[in-house]
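Structure assessment
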Amino acid sequence: MGEAFEPPTGDGIESVELKSALEERYLAYALSTIMHRALPDARDGLKPVHRRILYGMRLLRLDPTATFKKCAKIVGDVMGDFHPHGDQAIYDALVRLSQDFAQRYPLVDGQGNFGNIDGDGPAAYRYTEARMTEVARLLLDGIDEDTVDFRPSYNGEKEEPVVLPAAFPNLLANGSQGIAVGMATSIPPHNAAELCDAALYLIQNREATSEQLLTFVKGPDFPTGGILIDSAATISEAYRTGRGAFRVRARWAKEDLGRGTWNIVVTEIPYGVPKSRLNEKMAELLQEKKLPLLADVRDESAEDVRIVLEPRSRSVDPVILMESLFRLTELEARIPLNMNVLVGGLVPRVIGLVEALREWIDHRRVVLQRRSRFRLGQIERRLEILGGLLIVYLDLDEVIRIIREEDEPKPALMARFALSEVQANAILDTRLRSLRKLEEMELKREFDALTKEKEGLEALLGSEKLQWSDITKQIRAVKKTFGPETALGRRRTTLENPPDTAGIDFTQAMVEREPITVIVSEKGWIRALKSHVADLSGVAFKGDDALKVSFFSETTAKILVLASNGKVFTLEASKLPGGRGFGDPIRLMVDLDDGTEIVAALPYQPEGKLLIAGSDGRGFVAPADAVVANTRKGKGILGVDEGVTATVLVPAEGDHVAVCSSDKLLLIFPVSELQELSRGKGVRLQRCRGSSLVHAHVFTLAEGLPWRDGSPEGRLAHAGILEKWMGHRGEAGMLMTRSFPKFERFGK
């Protein structure tokens, strides 16, 4: 054995608390994601990857008129010089900038396969080529004239722009999507000409509000077109706060085929929806019989979108067919608005429409000032040189003598003519051929022109009014380039009100009408057997569960369920689980309070009436339409005191009511003695001393009272038999005698 192993002494090891270490590192990661990946700059509307791609393409001289270059070259240069991330990430960003269905105003002009609206991916970057578009040129316009700040690239070898000059309102025109840490952004595209009009108004009226700017900006303008169906109030609120959502529908038209037959043709689909996924979803719903009005879906698209929808029959209403498709498929999409951007390139904040445009025009003013100062510096340097040259022309012979005879001509020139070093160098660098008389006139002309330009620039920099006037001219030029009369600038998304569908029952349109048998178990599990099944002896239940109630219905119906706390819930029959298993607990389908149970269920009959009652014998007749709930929370219909539970929910069709307590006391009275309410506690149906109300039934006295005794066909008690139990509401009733030997419950 050697020497014992000595543990490390701890030198160079620092003890760090895990919590603080994680907080510090996660905060650094979060800030990096927010600042350098997910959120766009409010001034140029670009994230760093897009800015680096455009700047990299500029360095490669890929202007709109230049020849195309391989995307592999672009990706390689951008990755090597500016963006130290995966090549695929850079290429994906480059591809998106070129897709005319993703970008309202593409920044990259692509040649080759750059993907399509179906959702197919692009070809590999070794096969595709690209160059910049006119929009990208505008974004970079003046970048070499000290208009923006530069920072060192990741390896310190080159410099990259912090922001682009952005002579185009790119943030809103092309929009942006991004998910950071703890925040996200979602800005839909807009129409550039409308944004220019709004910006011009904002320059004239600095205190304008987002509502006033909506006179010009009608709403989003998606590259894929579509129809915006939101109300003006909704759109106004979204733009004021910077948060909201827009509902966009596909554009469709009815195409007559002759002899009364027709198809529907969809020509524009919502923004961001892959066409292949949309078609697959419709085909799937068709197969599942969830689109009974539709017979077939065909995609006949070539360059343009053309989806043909064939109706089940010529009698189908095309509006109802389309409304059902809008509800079930992505032919209607919800586009979120969350204008979370980096204000000033530093602070993440949600801004409204007016602030977004103000950020852009203020940035344009800064660019104008910096560009003017840069040009002023160039002019002053040139004027200095010209001044020296013009002095020299006054005595050329002396200049030539000094150059020929002096050992150090530069100091001699500077001393003789009182020149600066820059001027002396310019003279010494002058070619002999430039000493002709004509050249002196050219220099004088240039000197005068530059002096005049200098005065203009100094006036511009000294006047805020002149600066805004210059920016106004620039914005007007952009508007002319992308005006409504141009193919690219024409508004594609229109604003329309959706058709009035208040009186249409869409369940009929969206579900194939088929008979079913609904089964509810004692423990609150529900399922639907296909067709009407009278014999339920073969139906199995889970564990010690058993049948509570069953009834015939249809897939298009609604099912009303009463809970013991007096709430009524509404279930769609088409969404009930099938009869192969044990079904599903109703508790999973609705928000059932703890400690409550399902006590009754029945099919909803429009314009019908229902009798609802509790274990204390109180109840009332309610209109069925007032009981239907549109949410999972249900509707509180019957008010119950502590210790009382709701027990009865039955159709109120007939002229008399039979009620029965737990101690087998039966009472029959006219239904006219009951109140009709939408909700409440109601009135006393039966006086229950030490017992509780367990059954109730509304029937027509002339037809008799049906009741079950365990036999398959049930029994019927006629008016003559029932006479001894006839009474008035609120009485205790009389004991059931031999006429009801094996009473189970009322009804057939």
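None of the values given here were measured: they were computed from a predicted structure.

Our next topic: the overall build of the protein chain. Of the regular secondary structure elements, the protein chain holds 20 helices and 36 strands. For the protein chain, whose C-alpha radius of gyration is 40 Å, the value lies well above the compact-globule estimate of 27 Å for 748 residues. With respect to the three principal axes, the spread of C-alpha positions in the protein chain is 150 × 100 × 50 Å. Relative to its 748 residues, the protein chain shows a buried fraction of 47%. Looking at the protein chain as shown, the accessible area adds up to about 37900 Å², and 50% of this sits on carbon and sulfur atoms. Distance from the positive charge centre (99 side chains) to the negative charge centre (108 side chains) of the protein chain: 4 Å.

Attention shifts here to the packing of aromatic side chains. Taken as a whole and assessed by the stated rule, the structure comprises ten aromatic pairs. Judged by centre distance (5.2 Å) and plane angle (65°), the rings of F168 and F482 are edge-to-face. One end of the pair, F168, is in the loop between β5 (159–161) and α6 (170–174); the other, F482, is in the loop between α17 (464–481) and β17 (494–495), with 314 residues separating them in the sequence. Under the relative-accessibility criterion, F168 is labelled buried at 0%. Judged by its relative accessible area of 4%, F482 is buried. Here a set of aromatic residues connected by ring pairs shows up, and it is made of Y55, F82 and F150.

All right, on to the UniProt feature "site: Transition state stabilizer" (unreviewed entry) in the protein chain then. According to UniProt, the feature "site: Transition state stabilizer" (unreviewed entry) maps to R126 in the numbering used here. With respect to the helices, strands and loops of the structure, R126 is situated in the loop between β2 (108–111) and β3 (129–132).

What follows is about the sheet that holds strand β13 (residues 307–311). Strand order across the open sheet formed by four strands is β10-β11-β13-β12, with antiparallel pairing between neighbours. The two strands at the open ends of the sheet, each matched to only one other strand, are β10 (251–258) and β12 (294–299). The mean inter-strand angle of the sheet, taken between neighbouring strand axes irrespective of direction, is 25°. Both strand β11 (residues 261–268) and β13 contribute to a ladder of three bridges, which runs antiparallel. Paired with V266 across the strands is I307, a residue of β13. This element, helix α10 (residues 275–287), spans β12 and β13 of the sheet and lies at about 160° to β12. In this fold helix α11 (residues 318–328) packs onto β10, β11, β12 and β13, with an angle of close to 40° to the strand it touches most, β11.

What the four strands build is an open sheet, ordered β20-β18-β19-β23; its pairing is antiparallel. Each of the sheet's edge strands pairs with one partner strand only, and the pair in question is β20 (547–554) and β23 (584–585). Relative to strand β19 (residues 525–530), strand β18 (residues 515–521) is paired through five bridges, and the arrangement is antiparallel. Along β19, the bridge assignment pairs V520 with I526.

Okay, the pattern of salt bridges next. Under the counting rule described, the total for this entry stands at 49 salt bridges. Linking E332 and R249 is a salt bridge whose minimum nitrogen-to-oxygen distance equals 2.7 Å. One end of the pair, E332, is in strand β14 (residues 332–338); the other, R249, is in strand β9 (residues 243–249), and 83 residues separate them in sequence. An identical accessibility class is assigned to E332 and R249; each is buried. It is possible to trace a salt-bridge network through shared partners that takes in E255, R298, E300, R306 and E310.

F168, L309 and L357 are the most contacted members of the largest nonpolar core, which totals 123 residues. Of the residues forming this core, the biggest block, 15 residues, is contributed by helix α12 (residues 353–393). Not counting residues within four places of it along the chain, the set of residues in contact with L357 comprises L172, L195, A198, A199, L202 and L213. Ranked by size, the runner-up nonpolar core spans 19 residues in total, among them I516, V518, A557 and L571.

This next bit is on helix α3 (residues 71–81). Side chains three or four residues apart in an α-helix point the same way, a direct result of the helix having 3.6 residues per turn. Listing the buried residues of α3 in full gives C71, I74, V75 and V78. Buried residues along α3 cover an arc of 95° about the axis, so they all sit on one side. Tucked inside the fold, the buried residues of α3 contact α2 (48–59), β1 (69–70), α4 (87–98) and β3.

Time to look at unusual backbone geometry. Backbone geometry places R259, a non-glycine residue, at a positive phi of 55°. Its location among the elements puts R259 in the loop between β10 and β11. Under the relative-accessibility criterion, R259 is labelled exposed at 81%. Even without being a glycine, K664 presents a positive backbone phi close to 65°. For K664, the location among the structural elements is in the loop between β29 (656–661) and β30 (665–670).

Considering the arrangement of structural elements, one finds R43 in the loop between α1 (18–38) and α2. For R43, a relative accessible area of 17% translates into the label buried. In contact with R43, other than residues within four places in its own chain, are V163, A166, G344, G345, E359, W360 and H363.

Close contact between α12 and α17 brings their axes to 10 Å; oriented N to C, the two are set at 110°. Judged by the inter-axis angle, α12 sits roughly perpendicular to α17. Handedness of the crossing formed by α12 with α17: right-handed. Each of W360, I361, D362, R364, R365, L368 and Q369 in α12 lies in contact with α17, whose residues at this interface are E464, Q467, W468, D470, I471, Q474 and I475. Taken together, the residues of the contact of α12 with α17 sort by class into six nonpolar, three polar and five charged.

As a further point, take the packing of helix α13 (residues 396–405) against helix α14 (residues 409–417). Two quantities define a packed helix pair, namely the angle between the helix axes and the distance between the axes. Between α13 and α14, the shortest axis-to-axis distance is 9 Å and the interhelical angle comes to 150°. In terms of orientation, α13 and α14 fall into the roughly antiparallel class. Along this stretch, α13 crosses α14, giving a crossing that reads as right-handed. Along the contact surface, α13 presents E398, V399, I402 and I403, while α14 presents P409, A412, L413, R416 and F417. Looking at the contact of α13 with α14 residue by residue, the class counts come to seven nonpolar, no polar and two charged.

Definitions and cut-offs
- Position numbers for residues start from 1 in each chain and track the written sequence from start to end.
- Side-chain atom pairs in this predicted model are given and counted only at pLDDT of 80 or more, local residue features only at pLDDT of at least 70, and totals for whole chains, interfaces and linings cover all residues.
- Calculation of side-chain values draws on the structure's entire complement of heavy atoms; hydrogens and water are dropped beforehand.
- Helix and strand definitions follow DSSP, with helices as H or I runs of at least four residues and strands as E runs of at least two, each counted in order from the N terminus.
- Radius of gyration: over C-alpha atoms. The globule rule applied is 2.2 Å multiplied by the number of residues raised to the 0.38 power.
- Working definition: with a 1.4 Å probe on protein chains only, accessible area under 20% of the residue-type maximum means buried, over 50% means exposed, and in between means partly exposed.
- The method behind every accessible area is Shrake-Rupley, applied with a 1.4 Å probe, and residues are considered shielded solely by the protein chains displayed.
- Charge counting treats Lys and Arg as positive and Asp and Glu as negative, with His and both chain ends excluded.
- For the purpose of locating charges, the reference atoms are NZ of Lys, CZ of Arg, CG of Asp and CD of Glu.
- Whether two aromatic rings pair depends on their centres lying within 6.5 Å, for rings of Phe, Tyr and Trp, where Trp uses its six-membered ring; planes under 30 degrees apart make the pair stacked, over 60 edge-to-face, and the rest tilted.
- UniProt positions are given in the numbering used here, feature names are shortened, and annotations may be inferred rather than shown by experiment.
- In this scheme, strands are said to pair when DSSP sees at least two bridges between them.
- Axis definition: a line fitted to C-alpha atoms, limited for helices to the stretch in contact. Angles are taken between N-to-C directions and run from 0 to 180 degrees.
- Here a residue-residue contact requires only that any non-hydrogen atoms of the pair lie within 4.5 Å.
- Think of a salt bridge as a Lys or Arg side-chain nitrogen and an Asp or Glu carboxyl oxygen that are within 4 Å of each other.
- Residue types Ala, Val, Leu, Ile, Met, Phe, Trp, Tyr and Cys, when buried and joined through side-chain atoms within 4.5 Å, form a set referred to as a nonpolar core.
- Directions pointing from the helix axis toward each C-beta atom define the arc.
- An angle below 35 degrees is read as roughly parallel, one above 145 as roughly antiparallel, one from 65 to 115 as roughly perpendicular, and any other as oblique.
- In this scheme the handedness of a crossing depends on how the near helix is turned from the far one: anticlockwise by less than a right angle means left-handed, clockwise means right-handed.
- Following the grouping adopted for this structure description, the nonpolar residues are Ala, Val, Leu, Ile, Met, Phe, Trp, Tyr, Cys and Pro, the charged ones are Asp, Glu, Lys and Arg, and the polar ones are all others, Gly among them.

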